[in-house]
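Remarks on the overall topology
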Amino acid sequence: LKKTVNYLCAQMLVWDDTHGNISQSLRALFESSVTRLCAIPVSDHAAIAVFHREVSAEFTRLLDKFGRLASRLKDTEIGLLKAVSANNTVARFLNVTARGQNLPSDVAQFLQTKWLHEMQMLIIKQGVESPFWLRWKKLVETLVKYYQPDMQVGPDGASRNILLHLPDELEKLINESM
């Protein structure tokens, strides 16, 4: 009996009335356990032993459930922080890269919609130090540099060659990184 009472008291050491549903569930289990224990005759050692096993399993299930909920909450918060950080990183990069540039509206819209999301997902999945993110950055910088309205094609045709191969490089990079 002493072992069971000590066990119930130990379970309530983690109880804190400020944790809402978690606290209410833990308190309700404690109170129902004490009520059930009081109904068992003190001399019925076998019934007390069965009760102890049952109540231990109930507390374990409840605390495991709370642990899983806390883990999910933590993962959700980390995911939200990663998303906000990725959004800020991409927005800063695009702002710095496009500053002072005169992009055609189609290119600007493409970067601000489709690519914004793709680059955010890349950072979330691979990180800002990944080779794919560095390649995406270089490709965006090239895109911004060569898609200027006043861009002149040099006599060697290098600019034209870069512009012709840019869509293929873009498709290749998207397929490799995602």
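Above this text is the structure in question.
Description of the structure in this document. (Residues numbered from 1 in each chain as written. Predicted model: local features only at pLDDT ≥ 70, side-chain atom pairs only at ≥ 80, totals over all residues. Heavy atoms only, no water.)

Compared with the 26 Å implied by 1.5 Å per residue over 18 residues, the 26 Å span of helix α2 (residues 21-38) between its first and last C-alpha is a close match. For α2, the complete set of buried residues consists of Ser23, Leu26, Leu29, Ser33 and Leu37. In a view along the axis of α2, the buried residues occupy a sector of 135°, so they form one face of it. α2 presents Asn21, Gln24, Thr35 and Cys38 as exposed residues on the side facing more than 90 degrees away from its buried surface. (Helix = DSSP H or I, 4+ residues; strand = E, 2+ residues; numbered from the N terminus. Expected span 1.5 Å × (residues − 1). Buried < 20%, exposed > 50% of the residue type's maximum accessible area, 1.4 Å probe, protein only. Arc of directions from axis to C-beta.)

It is worth spelling out a nonpolar patch on the surface at this point. Judged by side-chain polarity, Leu1, Val5 and Val42 come together as a nonpolar surface patch covering roughly 250 Å² of accessible area. Tracing the backbone through its elements, the reader meets Val5 in helix α1 (residues 2-11). On the accessibility criterion, Val5 (36% relative accessible area) is partly exposed. (Patch = residues over 30% accessible without salt bridge, like charges linked within 9 Å, V, L, I, M, F, W, Y side chains within 5 Å. Areas by Shrake-Rupley, 256 points an atom, 1.4 Å probe, with all protein chains shown as cover. Salt bridge = Lys/Arg side-chain N within 4 Å of Asp/Glu carboxyl O.)

Interaxial distance between α2 and helix α3 (residues 45-98) falls to 11 Å at its minimum, and their mutual angle equals 175°. The pairing of α2 with α3 is recorded here as roughly antiparallel in orientation. Where α2 abuts α3, its residues Ile22, Ser25, Leu26, Leu29, Phe30, Ser33, Arg36 and Leu37 lie against Phe51, Glu54, Val55, Glu58, Phe59, Leu62, Leu63 and Phe66. Considering only residue class, the contact of α2 with α3 consists of eleven nonpolar, two polar and three charged. (Axes fitted to C-alpha atoms, helices over the stretch in contact; angles between N-to-C directions. Parallel < 35°, antiparallel > 145°, perpendicular 65-115°, else oblique. Contact = heavy atoms within 4.5 Å. Nonpolar A, V, L, I, M, F, W, Y, C, P; charged D, E, K, R; others polar.)

With that settled, consider the pattern of salt bridges. Following the criterion strictly, the structure yields two salt bridges and no others. Arg27 is the salt-bridge partner of Glu31, the closest N and O atoms lying 2.9 Å from each other. Placement of both Glu31 and Arg27 in helix α2 is noted, with a separation of four residues, approximately one turn of the helix. Taking the relative accessible area as the measure of exposure, Arg27 reaches 38% and is therefore partly exposed.

Moving on to the packing of aromatic side chains. Taken as a whole, this structure holds four aromatic pairs when the rule is applied. Both rings, one in Phe93 and one in Trp133, keep their centres 5.7 Å apart while their planes meet at 70°; by these two values the pair is edge-to-face. Placement of Phe93 in helix α3 and of Trp133 in helix α5 (residues 131-146) is noted, with a sequence separation of 40 residues between them. Here the two residues Phe93 and Trp133 agree in accessibility, since each one is buried. The rings of Phe110, Trp115 and Trp136 are connected pair by pair, giving a single aromatic cluster. (Phe/Tyr/Trp six-rings, centres within 6.5 Å; stacked < 30°, edge-to-face > 60°.)

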